[in-house]
Amino acid sequence: MIAALRMPTLLHPDDHAFHRMVAAFEEQPEPWGKVNRALRDAVVSYAAERSPYYRSVIRPGTAFEDVPILTKEVIRERYDDLIAEGVHRDRWARDATSGSLGPPVAFLRDTAQGFLENVSGLRFLRWMEGIPPDATRVWIRSGHPERPRRSRRGARGREDYALRTQDLTPDLLARESRVWARFPSYYIYGHASIIGWIAEQVERGHVELRRQPLAIVTTADTLTDHGARQVSRILSAPVHSWYGGREVNGYVAGTLPGTRRYAFNPLLVYPEVVDGAGRPVPPAETGRLVLTDLNNLVMPFLRYDMGDVAIPSAEGSVGGFPLMDHLVGREIEVIRFPSGRVLNGVTLGRVLFVDHNLGEDILWYQCAKTRENAVELRVVWAPSAGEDSAVAAARAVRTLADPDTDVRVRTVTELERLPSGKVWILRDESSPG
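The written sequence of each chain sets the order in which its residues are numbered from 1. Note on the predicted model: pLDDT of at least 70 is required for a residue's local features to be given, and 80 or more for side-chain atom pairs to be given and counted; whole-chain, interface and lining totals, by contrast, use all residues. Calculated side-chain values reflect all of the structure's heavy atoms, with hydrogen atoms and water omitted.

Participant: How would you summarise the sheet that holds strand 18 (residues 374-381) if you had to cite specific residues and measurements?
Facilitator: At least two DSSP bridges between two strands are required for those strands to pair. Every helix listed is a DSSP run of H or I at least four residues long, and every strand listed is a run of E at least two residues long, numbered separately from the N terminus. With mixed pairing, 4 strands are arranged side by side in an open sheet as 19-18-17-20. Unpaired on one side and paired on the other, strand 19 (406-411) and strand 20 (426-428) mark the two borders of the sheet. Across the sheet, the mean angle separating the axes of adjacent strands is 20° when strand polarity is ignored. As paired elements, strand 17 (residues 362-371) and strand 20 share 3 bridges and run parallel to each other. Residue Cys367 lies in a different strand from strand 20, and its bridge partner there is Leu426. Against the sheet, helix 10 (residues 345-355) touches strand 17, strand 18 and strand 20, its axis set at about 130° to strand 17. Orientation is described by lines fitted to C-alpha atoms, with helices fitted over the stretch in contact, and by angles between N-to-C directions that extend from 0 to 180 degrees. It only takes one pair of heavy atoms within 4.5 Å for two residues to be counted as in contact.

Participant: Now, about the nonpolar core: what can you tell me, with residues and values included?
Facilitator: Core analysis: the biggest nonpolar cluster contains 45 residues, and Tyr54, Tyr243, Val252, Phe264, Leu289 and Leu291 have the highest contact counts within it. Of the residues forming this core, the biggest block, 5 residues, is contributed by helix 2 (residues 30-50). Contact partners of Phe264, with chain neighbours within four places excluded, come to Phe124, Tyr243, Val252, Ala253, Val269, Pro271, Leu289, Leu291, Phe321, Pro322, Met324 and Leu327. As used in this record, nonpolar core signifies buried Ala, Val, Leu, Ile, Met, Phe, Trp, Tyr and Cys residues forming a set joined through side-chain atoms within 4.5 Å. Only protein chains enter the calculation, and the probe is 1.4 Å; a residue is then buried if its accessible area is under 20% of its type maximum, exposed if over 50%, and partly exposed in between. Counting 31 residues, the second largest nonpolar core, distinct from the first, contains Tyr186, Ala199, Ala228 and Ala237.

Participant: Can you explain unusual backbone geometry? Please cite residues and give values.
Facilitator: Positioned with a positive phi, Ala284 is a non-glycine residue whose angle comes to about 75°. Among the structural elements, Ala284 can be located in the loop between strand 11 (269-274) and strand 12 (287-293). Residue class for Ala284 comes out exposed when judged on its relative accessible area of 62%. Positive phi is not limited to glycine here, since Asn357 has a value of about 55°. Along the chain, Asn357 turns up in the loop between helix 10 and strand 17.

Participant: With reference to specific residues and values, describe the packing of aromatic side chains.
Facilitator: The aromatic pairing rule takes the rings of Phe, Tyr and Trp, using the six-membered ring of Trp, and pairs them if the centres are within 6.5 Å, calling planes under 30 degrees apart stacked, those over 60 edge-to-face and the rest tilted. On inspection of all chains with the given rule, the structure shows 14 aromatic pairs. Summarising the aromatic geometry, the rings of Tyr53 and Tyr54 are spaced 4.9 Å apart at their centres and angled 70° between planes, so their arrangement reads as edge-to-face. Taking the centre distance of 5.3 Å and the plane angle of 80° together, the rings of Phe124 and Phe321 count as edge-to-face. Here the residue Phe124 occupies a position in helix 6 (residues 111-129), and Phe321 occupies one in strand 14 (residues 321-328), the gap between them amounting to 197 residues. Residue class for Phe321 comes out buried when judged on its relative accessible area of 2%. Taken together, the aromatic side chains of Trp139, Tyr187, Tyr189, Trp242 and Tyr251 make up a single cluster linked through ring pairs. In this analysis the charged atom, NZ for Lys or CZ for Arg, is taken to sit over a ring once it is within 6 Å of the ring centre and within 35 degrees of the ring normal. Positioned above the aromatic ring of Tyr270, the side-chain terminus of Arg40 is 4.7 Å from the ring centre. Lying across the ring of Phe64, Arg303 places its NZ or CZ 5.5 Å from the centre.

Right, dumping it as structure tokens:
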């Protein structure tokens, strides 16, 4: 039934989960491509009718490729005009980006769609990776300082077991790994940089995994190919990467088993890879990843620039699911403290902007480890910021460091850039070279 798709060339020879998933659909993948485009066109028509911003830029006969790219700057400037008219405020869910790439951007999600998106997106990816529905998800996540670790029992006895990135130390990890060993089966899900740190603790002998995970799933920041091989070897489990974002959905794509190629869920987003002019790039060439959200009817996001780069596949899709040969998001960035505690960019952004509500005070920021137990937060302040803003920022960073860490906040007028032109968020400057 799926012979025409020639799937074995893409997958690990021992993993047939994706084969089974594709076999559940029609032999020809084109219907899923049609569904993806139909949902895209429906959202575009809806936005052109309901959103004042899109009404001003989409005219009758405008081709989809001519719809302007939506950027974070446009969202900041045209926030009110992006909101669809006639949608009840009970469906408004206020959210913001994590701030791991700079100042956060506020936006609205659609509560009428959120639960269905998350459940279907997560089920799609677990199915693709062959992770059983009753496997416990050990979720390494950032969160509010007062939010406790929790164990939630869901459908069919499945549990989420959550740990906060800012709490992790080698000693705590060693204790928690003994809890994981009591689960019948589990997989580890969380920030790529933190999972890389967990593998490092296991390799150094600080932590013993008494029961091996079924799989490792990285998210939020990018795990390099070399890093994926290292994690897989140390933790004795296949490594998958799931892709998404707060602005769209956290589960829009995942790597095909045994590869680093990403398959996108055609019911959640319409993906494109474009050049600087917003035009599609040819297969095998690198461009900007832009996504059209197919479910947010409160604040439609059409052709939204995710800030990541990708390489479109010459095949276009596999099993009807849009395919990228490569996707590069945020690189692994961590600062290690003497206790073994580790800080990554995603957690820092969340604590500054979500937990301590500094989104209106900080324009840009960088955090550097300047000595063995000292960090400096360098901030470009907004005009509205006051002295209490710097105090709050120092307090936020202190919650993530060791109790005796020297935490300083320094005002700067611009941020340092890498030779590539990219602004770094975290860096260790304490070591020579």
